[in-house]
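Given next are the chains, with one letter for each unit.
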Amino acid sequence: MPAPDPAVVDLLGLVAYGELLAFDRLAADARLAPDLRRRAALCEMAAAEIAHYRWIADRITALGATPDDAMAPYAEALEAYHDSTEPKDWLEALTKAYVGDAITDDFLREIADGLDGRDRQLILDVLHDSRYAEFAAAEIRAAIEADPRVANRLSMWARRLVGEALSQAGRVAAADRGALTALIARREGVDVPALFRRLTDAHSARMTAAGLNN
């Protein structure tokens, strides 16, 4: 069996640990829900995250690597992000899921273009279901309609999330063993500034759609 591509294994390790932490976070945040319907919605989101973790972990194993070893370099950086952005209430939890997860998804979608067919499709398959983004956005809009003052608080929280996400990206890059750089480099004519402009534009559109200020 040929040796696995280190860049692919490292990227899958990053994604796997992100899914594992997302499960922990959403399961805990579900307790902030104001009623059982909303609690169930977040629990369903958490269940999807742990299922996605299993898909990624199985693929890492199939490539001849160990999930624990692939995830380990990224544990400290990802945990630091979640520890520094722990929501205080239901609306902050929803905003974190809506804003933070979407930025990650956009970035992974871009990186996936540097992968071969099977692994590219696996990354795309674990991106968050649009139903959950729509649920979070609808909840945020309803809260703002009920109390317009909520918009400023959640907008400030969203901006903090983005700032922490950028700091996290720096920590991930420091921990990375070359995976992201190698995968981006594989894309012919890649324009990194243009990539970040696309990520920023998509984030701005999501903020507007949820009734938040950029």
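Refer to the structure above for everything that follows.
Residues numbered from 1 in each chain as written. Predicted model: local features only at pLDDT ≥ 70, side-chain atom pairs only at ≥ 80, totals over all residues. Heavy atoms only, no water.

S.K.: Hey, could you run me through the overall build of the protein in this one?
M.R.: Across its full length, the protein holds ten helices and zero strands. Going residue by residue from the N terminus, the α and β elements of the protein occur as α-α-α-α-α-α-α-α-α-α. In the protein, the share of contacts with a sequence separation of at least 24, taken over all contacts with a separation of at least 6, comes to 81%. Here the protein has roughly 10600 Å² of accessible surface; of this, 55% comes from carbon and sulfur atoms. (Helix = DSSP H or I, 4+ residues; strand = E, 2+ residues; numbered from the N terminus. Contact = heavy atoms within 4.5 Å. Areas by Shrake-Rupley, 256 points an atom, 1.4 Å probe, with all protein chains shown as cover.)

S.K.: What's the story with the pattern of salt bridges in this structure? I'm lost.
M.R.: If charged atoms from side chains of opposite charge come close, those side chains can pair. If you walk through the whole model with that rule in mind, you get 13 salt bridges. Among the ionic pairs, D58 bridges to R54, the shortest N-O distance being 3.1 Å. Of this pair, D58 and R54 both sit in helix α2 (residues 36-62), four residues apart, which is roughly one turn of the helix. Judged by its relative accessible area of 41%, D58 falls in the partly exposed class. Note on R54: relative accessible area 40%, which makes it partly exposed. Here the salt bridges share partners, and the residues they tie into one network are D35, R37, R38 and E139. (Salt bridge = Lys/Arg side-chain N within 4 Å of Asp/Glu carboxyl O. Buried < 20%, exposed > 50% of the residue type's maximum accessible area, 1.4 Å probe, protein only.)

S.K.: Would you take a moment to explain the packing of aromatic side chains for this structure?
M.R.: Two aromatic rings, taken as a pair, are described by how far apart their centres are and by the angle between their planes. If you walk through the whole model with that rule in mind, you get zero aromatic pairs. Here R131 stacks its cationic end above the ring of Y132, 5.6 Å away from the centre of that ring. (Phe/Tyr/Trp six-rings, centres within 6.5 Å; stacked < 30°, edge-to-face > 60°. Lys NZ or Arg CZ within 6 Å of the ring centre and 35° of its normal.)

S.K.: Can you walk me through the environment of R59 in this structure?
M.R.: Examined against the element boundaries, R59 turns out to sit in helix α2. Residue classification places R59 among the buried residues on the basis of a relative accessible area of 14%. For R59 and D119, which are 60 residues apart along the polypeptide, the C-alpha to C-alpha distance reads 8.4 Å. Those residues in contact with R59, other than ones at most four positions away along the chain, are L12, R118, D119 and L122.

S.K.: Would you mind showing me how to read the packing of α2 against helix α5 (residues 90-112) here?
M.R.: Packed helix pairs are characterised by how far apart their axes lie and by the angle those axes make with each other. Two elements in contact, α2 and α5, have axes separated by 12 Å at closest approach and are oriented at 35 degrees. The chirality of how α2 crosses α5 is left-handed. Each of R38, L42, M45 and E49 in α2 lies in contact with α5, whose residues at this interface are W90, L94, A97 and D101. When the residues that make up the contact of α2 with α5 are grouped by side-chain class, the tally is five nonpolar, no polar and three charged. (Axes fitted to C-alpha atoms, helices over the stretch in contact; angles between N-to-C directions. Left-handed = near helix turned anticlockwise from the far one by under 90°. Nonpolar A, V, L, I, M, F, W, Y, C, P; charged D, E, K, R; others polar.)

S.K.: Is there a simple way to explain α5 in this structure?
M.R.: Here α5 spans 32 Å end to end across 23 residues, near enough to the 33 Å set by a 1.5 Å rise per residue. By the criterion of burial, α5 is predominantly enclosed, with 20 of the 23 residues buried. (Expected span 1.5 Å × (residues − 1).)

S.K.: Sorry if this is basic, but what is going on with the layout of surface pockets here?
M.R.: In this approach, a probe sized like a water molecule rolls over the atoms, and the result shows the empty space that is left. In this structure, the second largest pocket encloses a volume near 290 Å³. As for the second largest pocket, its lining consists of 17 residues, and the residues nearest its centre are A102, D105, H128, D129 and A133. Of all the secondary-structure elements, those providing two or more residues to the lining of the second largest pocket are α5, α7 (130-146) and α10 (192-209). Among the elements that line the lining of the second largest pocket, the one with the most residues is α5, at seven residues. In terms of residue class, the lining of the second largest pocket is made up of nine nonpolar, two polar and six charged. (1 Å grid on protein atoms, 1.4 Å probe; cavity = no way out; pocket = protein on both sides within 12 Å on 5 of 7 lines; lining within 4 Å. Points joined across faces, edges and corners; volume = space filled by probe spheres on them.)

S.K.: For this particular structure, what's the right way to read the side chain of T95?
M.R.: Summarising the element assignment, T95 is placed in helix α5. Owing to a relative accessible area of 0%, T95 belongs among the buried residues under this scheme. Each residue touching T95, except ones within four places of it in the same chain, is listed here: G100, I140, L154, W157, A158, L161 and L212.

S.K.: I keep staring at a negative patch on the surface and nothing clicks. Help me out?
M.R.: Where like charges cluster on the molecular surface, the negative patch consists of E76, E79, D83 and E86. Relative to the elements of secondary structure, E76 occurs in helix α4 (residues 75-84). Looking at E76, the relative accessible area reads 68%, which means it is exposed. (Patch = residues over 30% accessible without salt bridge, like charges linked within 9 Å, V, L, I, M, F, W, Y side chains within 5 Å. Lys, Arg positive; Asp, Glu negative; His and termini not counted. Charge placed at Lys NZ, Arg CZ, Asp CG, Glu CD.)

S.K.: How do you make sense of the side chain of E19 when you look at a structure like this?
M.R.: Locating E19 in the fold gives a position in helix α1 (residues 6-29). Salt bridges are absent for the buried E19, whose nearest opposite-charge side chain, R25, sits at 9.0 Å. Once you skip the residues sitting within four places of it in the chain, E19 turns out to touch E49, H52, Y53 and V126.

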